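If you want the building blocks of each chain, they are given just below.
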Amino acid sequence: TQAALQKIEQTDSQVKSFLTVTAEQAIDQAQKLDRLPDGNLPLLYGIPGAIKDNMCTEGIKTTCASQILANYIPPYSATAVTKLQEQNFVMVGKTNMDEFAMGSSNENSAFYPTRNPWNLERVPGGSSGGSAAAVAAGQVPFSLGSDTGGSIRQPASYCGVVGLKPTYGLVSRFGLVAYASSLDQIGPFARNVEDTAAVLQAIAGYDELDSTSANLEIPDYSAALNRDIKGLRIAMPKEYFAEGLDPAVRDRVLDAIRLLESQGAVVEEVTLPHTKYAVACYYLLAPAEASSNLARYDGVRYGVRVEADDLIDMYKQTRAKGFGAEVKRRIMLGTYALSSGYYDAYYLRAQKVRTLIKQDFDRVFEKFDVIVSPTAPTVAFKAGEQTEDPMTMYLNDIYTIPVNLAGLPGISVPCGLADGMPVGLQIIGKAFAESTILQTAHAYE
Ligand code: GLN
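Every value quoted in this text rests on a predicted model; they were computed, and no experiment measured them.

Caption draft 1: Representation of the site of the ligand. Close to the ligand lie 15 residues, the nearest being G149, S151, Y282, R330 and D397. In this structure, an oxygen atom belonging to the ligand sits 3.3 Å away from a side-chain N or O atom of Y283. In isolation the ligand offers 290 Å² of accessible surface; the protein chains occlude 100% of this area. Counting atoms within 2 Å of the grid points, the majority share of the ligand lands in the largest cavity.

Caption draft 2: Structural view of the layout of surface pockets. The calculated volume of the largest pocket comes to roughly 420 Å³. The wall of the largest pocket is formed by 22 residues, among which E243, G244, P377, L395 and I398 lie closest to the centre. In terms of residue class, the lining of the largest pocket is made up of ten nonpolar, six polar and six charged.

Caption draft 3: Just the state of the cysteines, in detail. Tallied over the entire structure, the rule returns zero disulfides. Free cysteine C56: the closest other cysteine sulfur is in C64, separated by 8.0 Å. A relative accessible area of 3% places C56 in the buried class. Classification of C64 as buried rests on a relative accessible area of 1%.

Caption draft 4: Layout of the pairing of strand β5 (residues 162-165). Side chains V162 and L164 project from β5 onto one buried face, and the interleaved G163 and K165 project onto a second face that is buried too. As paired strands, β5 and strand β6 (residues 185-190) are joined by two bridges and run antiparallel to one another. Bridged to G163 within β6 is F189. When β5 meets strand β10 (residues 410-418), the two strands line up antiparallel, connected through three bridges. Its bridge partner lying in β10, G163 is registered against S412.

What counts as what
Residues numbered from 1 in each chain as written. Predicted model: local features only at pLDDT ≥ 70, side-chain atom pairs only at ≥ 80, totals over all residues. Heavy atoms only, no water. Near = heavy atom within 4 Å. Polar contact = N/O pair within 3.5 Å; in protein donor to acceptor, adjacent residues only side chain to side chain. Areas by Shrake-Rupley, 256 points an atom, 1.4 Å probe, with all protein chains shown as cover. 1 Å grid on protein atoms, 1.4 Å probe; cavity = no way out; pocket = protein on both sides within 12 Å on 5 of 7 lines; lining within 4 Å. Sits in = over half its atoms within 2 Å of the grid points. Points joined across faces, edges and corners; volume = space filled by probe spheres on them. Nonpolar A, V, L, I, M, F, W, Y, C, P; charged D, E, K, R; others polar. Disulfide = S-S within 2.5 Å. Buried < 20%, exposed > 50% of the residue type's maximum accessible area, 1.4 Å probe, protein only. Helix = DSSP H or I, 4+ residues; strand = E, 2+ residues; numbered from the N terminus. Pairing = 2+ DSSP bridges.

What follows is the structure, encoded as structure tokens:
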């Protein structure tokens, strides 16, 4: 814990992974753990970790990188955090993110942007950029992020670390500040696949406090890691290797797939024909859910309030001041898509497209064990480069968004460098087949 805090002290003035560093509490907690009798120690005994600032932490500020929650101190912890505590981890702080998890570069944080530890002129990705950068900078061995459309996998790819988005329902969302509830999942970042499996082991499992939590037996994820992949059937969707993919990124990903092939996996090209609609579908459904979820920030129940003469004015001014530009854009998009005259044309249609996207995956998974692709079309871009153009920014998630729409698990594992920056290989699995994607990622690693 001391080493982690020291590293944060040395590097965070530049990287800015953290919004809050809980140094005192961490040292107290570590000393308490030091005094425990030897014997059967829990999985994460004494291991320092960091938590994305959209997960509630009892008594510790949880801001979602938004002005509207700048002073919010939750009275309870998210289930995922409680489960880490049950395994005796030591929380060293809360990580920076795009406001309310909306973004792909961390530049939408209301406080300051995080930078990529590989090159401080570049973005770490987003929205869990702080959690990815904290692991990449060696500040912590693991962290938690959340992934609604790619927010764990894309920053993992940009920062050269492992990041896993679990199957929808595997990890409880209780205490995760809601962005788009039918897509959000909490997952781990770590330096390698083995550590990722250990953290997933700690946070997975049924929770009666989340109505979408799956009641299933949790397998031993570490046990699967060393199985060989001979005969593993790997699908390569041709839509994920098409126009828009940086050639240098493509080469690294193809090298990685060849390496899996050389270990006895069988690789074949497949088609996921509705891929081209995924980004449009996501940018109707996610903002629709967000506009509803963010209605609760009214200056009464949480966070910041701007005083005004009457109630409606207080709502208006609080929300005008409290939310950043991207959050406002999405609230407007979502409110529009849900309004009575447009519901059928936009929201309902997007729901139908979501089903088609899921069916594409179902069809491929009848014959294959995993799907592999690049995690993102490029390596980390320069800070400021895409801030003026939301559409270009949205396309960063073109390979990750379909996985959330289908509720499937996906992992990003580093697969070399292009232009001096890390490239990520994405491995997608069947629902609740986390063991298989971890095993495949480990075989590559
Ligand atoms: N970058 C995507 C967005 O801006 C995904 C974010 C996420 O997964 N939370 O919505």
